[in-house]
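# Structural description and commentary
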Amino acid sequence: MTHRTRNWMLTIATLAFALLTGCASTTSTIDSSKALAKASDGSDSIVFGKFTLVRNGAEAKLNDGLFAGTTAFLHVEGEDGARQIVGQVGKNGEFAWVLAPGNYQVSEIDFYHRGERQEIEAGLDFTVPEDGQPVYVGTITLEASIDMGYYRPTGTVDSFIVQNDCESDCARRLDALGMSAETPHVVIPQSGYQLARTD
């Protein structure tokens, strides 16, 4: 599959998600200093982390096109309910979005498995401080068992872990965003749904 075809299919998936999510805005992950400059006026913070999907015991390849990998999105809601985004997870599961200061929750994680949309409640709460510093929210790992079923796939969550990998990830990610001199806030989300959390 060509690079152009993969981009076209990812665009279609993003548009479909925008239609399905109503008033929430869909945003792509920010992966460079140029993209960050376009997305932010400097008054908001960059929130970044990683999402890992382990499906039937094997780590899924994320967002390399609809047919070459799995497309994943994280639904992020402000505590007032007015600020909602559907954040696209980038290649290798990495994500970075611009958010205004406030309290947020990753309420749902969606991904596609063989063309079928799977929705998982997340309930991951985190806070973006008002100082404009970058915010690292950890590596969110979802392990799921998916049965193809007769009519459509069905899945169960085996484990849900949020882990602090800042020591190995933060410097590289901030350097790519042109923020190598910044020290991030490490804000590992709390959740009633997750089965494990490691600092």
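Along each chain, the written sequence defines residue order, and numbers are assigned to residues from 1. Residue-level local features of this predicted model are given only where pLDDT is at least 70; pairs of side-chain atoms are given and counted only at 80 or more, and the full residue set underlies all totals for whole chains, interfaces and linings. Side-chain figures throughout are based on the complete set of non-hydrogen atoms in the structure, without hydrogens or water.

### Remarks on the packing of aromatic side chains
Here the aromatic set is Phe, Tyr and Trp, taking the six-membered ring for Trp, and pairing holds for ring centres within 6.5 Å; pairs whose planes are under 30 degrees apart are stacked, those over 60 apart are edge-to-face, and all others are tilted. Counted according to the given criterion, the structure contains 3 aromatic pairs. Measuring from centroid to centroid gives 5.4 Å for F48 and Y136, while their planes differ by 55°, and the two rings are tilted. You can see F48 sitting in strand β2 (residues 45–55) and its partner Y136 sitting in strand β9 (residues 135–147), a full 88 residues away along the chain. Note on accessibility: F48 and Y136 belong to one class, buried. Pairing Y104 with F126 gives two aromatic rings, centres 5.7 Å apart and planes at 20°, and the pair type is stacked. Note that Y104 is positioned in strand β7 (residues 102–113) and F126 in strand β8 (residues 116–128), a separation of 22 residues in sequence. Throughout, exposure labels follow a simple rule: accessible area from a 1.4 Å probe, protein chains only, divided by the maximum for the residue type, with under 20% read as buried, over 50% as exposed, and the rest as partly exposed. Judged by relative accessible area, Y104 falls into the buried class, the value being 5%. Helix and strand labels come from DSSP, where a helix needs a run of H or I of at least four residues and a strand needs a run of E of at least two; each type is numbered from the N terminus.

### Regarding the pairing of strand β4 (residues 72–78)
Of all 7 residues in β4, 6 are buried, a share of seventy percent or more. Looking at chain direction, β4 and strand β5 (residues 84–88) are connected through 5 bridges and run antiparallel. Pairing of E77 across the sheet is with Q84, part of β5. For two strands to be treated as a pair, DSSP must find no fewer than two bridges joining them.

### Here's the deal with the state of the cysteines
Note on disulfides: each one is a pair of cysteine sulfur atoms within 2.5 Å. Under the counting rule described, the total for this entry stands at 1 disulfide. One disulfide in the model links C166 with C170; its S-S distance is 2.1 Å. The chirality of the disulfide connecting C166 with C170 is left-handed, given an S-S dihedral of about -125°. With C166 and C170 both in helix α3 (residues 166–176) and 4 residues apart, this pair spans about one turn of that helix. Each member of the pair, C166 as well as C170, carries the same accessibility label: buried.

### Regarding the confidence of the model for the protein chain
Of the residues in the protein chain, 74% reach a pLDDT of 70 or more, and the chain-wide mean stands at 78. Confidence, expressed as mean pLDDT per element, reaches its minimum in the protein chain at strand β12 (residues 196–198) with 39 and its maximum at α3 with 93. What pLDDT reports is the predictor's confidence in each residue, on a scale of 0 through 100. Contacts are residue-level and defined by heavy atoms, with any inter-residue pair within 4.5 Å sufficient. For residues 192–199, every residue scores under 50 in pLDDT, and the model assigns this stretch 24 contacts once sequence neighbours within four places are set aside.

### So, the pattern of salt bridges
Put simply, a salt bridge is a Lys or Arg side-chain nitrogen that is within 4 Å of an Asp or Glu carboxyl oxygen. Overall, the coordinates contain 2 salt bridges when judged by the stated rule. Residue R172 pairs with E94 through a salt bridge whose shortest N-O separation is 2.7 Å. Within this pair, whereas R172 is found in helix α3, its partner E94 is found in strand β6 (residues 94–99), the two being separated by 78 residues in sequence. Accessibility expressed as a relative area gives 44% for R172, which makes it partly exposed. Between E94 and R173 there is a salt bridge, and its shortest N-O distance comes to 3.5 Å. Within this pair, whereas E94 is found in strand β6, its partner R173 is found in helix α3, the two being separated by 79 residues in sequence. Like R173, E94 is buried. Connected through shared salt-bridge partners, E94, R172 and R173 make up one network.

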